[in-house]
Amino acid sequence: MTDIIDKANEAAEIQLAHAIETAKARPHPHLIKGRCNYCGESVVDYFCDADCRDDYEREQKIKQLNGRG
Ligand SMILES: [Zn+2]
């Protein structure tokens, strides 16, 4: 019995570790690099600064809420 539980836990841990690795490798798969995804300014990364990132994330949350139902 414990063998089955151990195997299940192991599989879940591997899946979780894989998900974390994927998230690390691509923090924002839907974002464009090289341009601020909020205001469109030309930047090295994804956003000008934390303000643009926060505003973008807030906007995404609002869109998600509006899109629900
Ligand atoms: Zn910006």
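Note that the structure is a prediction, hence the values are computed from the model and not measured. (Residues numbered from 1 in each chain as written. Predicted model: local features only at pLDDT ≥ 70, side-chain atom pairs only at ≥ 80, totals over all residues. Heavy atoms only, no water.)

## Digging into the coordination of the zinc ion
In the first shell of the zinc ion, the protein supplies Cys 36 (SG), Cys 39 (SG), Cys 48 (SG) and Cys 52 (SG), at 2.3 to 2.4 Å from the metal. The coordination sphere of the zinc ion comprises four donor atoms, whose angles at the metal cover 100 to 121°; the geometry is tetrahedral. All donors of the zinc ion belong to a single chain; written as a sequence motif, their spacing is C-x2-C-x8-C-x3-C. One end of the pair, Cys 39, is in the loop between helix 1 (2–25) and helix 2 (50–67); the other, Cys 52, is in helix 2, and 13 residues separate them in sequence. (Donors = N, O, S within 2.8 Å, 3.2 Å for Na, K, Ca; no water. Tetrahedral: all angles 85-135°; square planar, octahedral: opposite > 155°, others 65-115°. Helix = DSSP H or I, 4+ residues; strand = E, 2+ residues; numbered from the N terminus.)

## Comments concerning helix 2
For helix 2, spanning 18 residues, the distance from its first C-alpha to its last is 25 Å, which sits close to the expected 26 Å at 1.5 Å a residue. Of the residues flanking the start of helix 2, the one acting as N-cap is Asp 49, its side-chain oxygen 3.2 Å from the backbone nitrogen of Asp 51. (Expected span 1.5 Å × (residues − 1). Polar contact = N/O pair within 3.5 Å; in protein donor to acceptor, adjacent residues only side chain to side chain.)

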